[in-house]
Amino acid sequence: MAGLSFRHMYKIYDGNVVAVKDFNLEIEDKEFIVFVGPSGCGKSTTLRMVAGLEEISKGELYIDDVLVNDIEPKERDIAMVFQNYALYPHMTVRDNMSYALRLKKLPKEEIDEKVAMAANILGLEDYLDRKPKALSGGQRQRVALGRAIVRSPKVFLMDEPLSNLDAKLRVQTRSEIVKLHKQLETTFIYVTHDQTEAMTMGDRIVIMKDGIVQQVDTPHNVYFYPENQFVAGFIGSPQMNFVDAEVFKKDDEYYVMTLGTELLIPKEKGRLIEERGELNKKLIMGIRPEHIYDHIRQTDMKIKGKVDLMELLGSEKHLHIIVNGTKLVARINSDNPVETDDEIEMYLDGTKLHFFDGESELNISLEDLEKRI
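Student: What exactly am I supposed to notice about the environment of Ile 189 here?
Tutor: Along the chain, Ile 189 falls in strand β8 (residues 187-192). Of the residues examined, Ile 189 reaches a relative accessible area of 0% and is grouped as buried. Linking Ile 189 and Ile 33, residues 156 residues apart in sequence, is a C-alpha distance of 4.9 Å. In this structure Ile 189 touches Leu 4, Phe 6, Ile 27, Ile 33, Phe 35, Leu 47, Val 155, Phe 156, Leu 157 and Met 158, once residues within four positions along its chain are discounted.

Student: How should helix α9 (residues 267-275) be read in this particular structure?
Tutor: Because each turn of an α-helix spans 3.6 residues, side chains separated by three or four positions in sequence point in the same direction. Every buried residue of α9 is accounted for by Lys 269, Gly 270, Leu 272 and Ile 273. All buried residues of α9 project into a common sector of 160° when viewed along the axis, lining one side. Close packing links the buried residues of α9 with β11 (241-250), β12 (253-258), β13 (261-265), β14 (283-287) and β20 (354-357).

Student: Sorry, what's going on with the packing of helix α2 (residues 93-103) against helix α3 (residues 108-122) here?
Tutor: Any two packed helices are characterised by the angle at which their axes cross and by the distance between the axes. One way to put it is that α2 packs onto α3 with a least axis distance of 10 Å and a crossing angle of 135°. Judged by the angle between their axes, α2 and α3 are oblique. Handedness of the crossing formed by α2 with α3: right-handed. Across the interface between the two elements, Arg 94, Met 97, Ser 98, Leu 101 and Arg 102 from α2 touch Ile 111, Lys 114, Val 115, Ala 118 and Ala 119 from α3. Looking at the contact of α2 with α3 residue by residue, the class counts come to 6 nonpolar, 1 polar and 3 charged.

Student: Whenever I open this one, the nonpolar core confuses me. Can you help?
Tutor: What tends to happen in soluble globular proteins is that the nonpolar side chains get buried as a cluster. Formed by 45 residues in total, the largest nonpolar core has its most connected members in Met 97, Met 158, Ile 177, Phe 188, Tyr 190 and Ile 207. Setting aside its immediate chain neighbours within four residues, Met 158 contacts Leu 47, Val 81, Leu 145, Ile 177, Phe 188, Ile 189, Tyr 190 and Val 191. Membership of the second largest hydrophobic core comes to 31 residues, among which are Leu 263, Ile 321, Val 323 and Ile 332.

Student: Honestly, the pairing of strand β1 (residues 4-13) in this entry has me stumped. Any pointers?
Tutor: Remember that side chains alternate between the two faces of the sheet whenever the strand is regular. Bridging between β1 and strand β4 (residues 58-63) involves 5 bridges; their strand directions are antiparallel. Bridging across to β4, Tyr 10 finds its partner in Lys 58. Judged from the 7 bridges that link them, β1 and strand β2 (residues 17-27) form a sheet pairing that is antiparallel. Across the sheet, residue Ile 12 finds its bridge partner in β2, namely Val 18.

Student: Could you clarify how one ought to interpret the pairing of β4 in this entry?
Tutor: Note: β4 against strand β5 (residues 66-67), 2 bridges, orientation antiparallel. The residue bridging Ile 63 from the neighbouring strand is Val 66, located in β5.

Student: In this structure, what is going on with the sheet that holds β1? I would like to understand it.
Tutor: Sheet strands pair via backbone hydrogen bonds, and the direction of the pair is either parallel or antiparallel. With antiparallel pairing, the 4 strands of this open sheet are ordered in space as β2-β1-β4-β5. Each edge of the sheet is formed by a strand with only one pairing partner; in this case those strands are β2 and β5. Across the sheet, helix α1 (residues 43-51) lies against β1, β2 and β4, angled at about 115° from β1, the strand it touches most.

Student: Just to check I follow, could you spell out unusual backbone geometry for this structure?
Tutor: Across the junction of Ser 237 and Pro 238, the peptide omega takes the value -5°, indicating a cis bond. Examined against the element boundaries, Pro 238 turns out to sit in the loop between α8 (229-234) and β11. Even without being glycine, Glu 185 reaches a positive phi, approximately 50°. Turning to its location among the elements, Glu 185 is positioned in the loop between α5 (167-184) and β8. Phi is positive for Glu 361, close to 65°, though the residue is something other than glycine. Its location among the elements puts Glu 361 in the segment after β20.

Rules of the game
Residues numbered from 1 in each chain as written. Predicted model: local features only at pLDDT ≥ 70, side-chain atom pairs only at ≥ 80, totals over all residues. Heavy atoms only, no water. Helix = DSSP H or I, 4+ residues; strand = E, 2+ residues; numbered from the N terminus. Buried < 20%, exposed > 50% of the residue type's maximum accessible area, 1.4 Å probe, protein only. Contact = heavy atoms within 4.5 Å. Arc of directions from axis to C-beta. Axes fitted to C-alpha atoms, helices over the stretch in contact; angles between N-to-C directions. Parallel < 35°, antiparallel > 145°, perpendicular 65-115°, else oblique. Left-handed = near helix turned anticlockwise from the far one by under 90°. Nonpolar A, V, L, I, M, F, W, Y, C, P; charged D, E, K, R; others polar. Core = buried A, V, L, I, M, F, W, Y, C linked by side-chain atoms within 4.5 Å. Pairing = 2+ DSSP bridges.

That is the geometry; function is a separate question.
This is the structure:
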């Protein structure tokens, strides 16, 4: 088993194209870490540097306290599971899973034991003599996982392993991978562009943009305490609403001018913004769709608007509401009878507001450090 240490790592391609910039991270032994971000953010490139498939341009990478920059991939004791399974079509499931062990010339009894163990964990006992073309996509992915398991590596690397599966199978397989991690008690590094996968699978999430780490934290914290506007917008579906805003103080109360009206905000939020010297400045206010309610709550701020579009998603509705020319998305219970073109009143939960600096995009309203998990 192994921990990993990334120290000021860069990946720079020809033409001074920086794919990964100053990547720093400590991964503990047996941790499940997810790299997430939009296409081209550097997450897969970082994973390939761990695997030894990409050369590290600058910085250092340690696996189990050993510097591995110049160590060959086969000597790093890692196993990688790819998006496209990478199975040998002419080999059976048994032969695909045992191939690396046979190359090492391990005793046949040991190989059979390791393959049987992996097949049992993954529910592949009845498929060992089939070839990949006779398997479903989910079964092929399990074979790819089995091929990694039999090697008993220090670190598992997974590069978007579920992206070729349909939605139902993705949900099923991601839960299998989480269970697998608990069974094997090995370090997992998992790359995805799907924030739902990241939130449901990782012990911690590494959110990347343009080759730069934006935040490393638990799923709970990146949702409730996003450090900047990018993280706030990337995590959550539908994404957080962002509107122009200005916070000011009047008669010992704090207000926000936004959506064409003045709204009273909680004193705790106002004090934080005042302490950080951001009163009467151009800010971006953020609120998640699930924190816009169709009923009055104690700290709510009332807004009026017109429903431009209503999307029914079974148990919930997504309302696209035009408020003074600005669109907000609200997520409400589907039993609310509201429809497109209705004039409605909605209520913002003031305790769930986020305020971001207009230039740096940093979250200037973070609080409750003791509540972070």
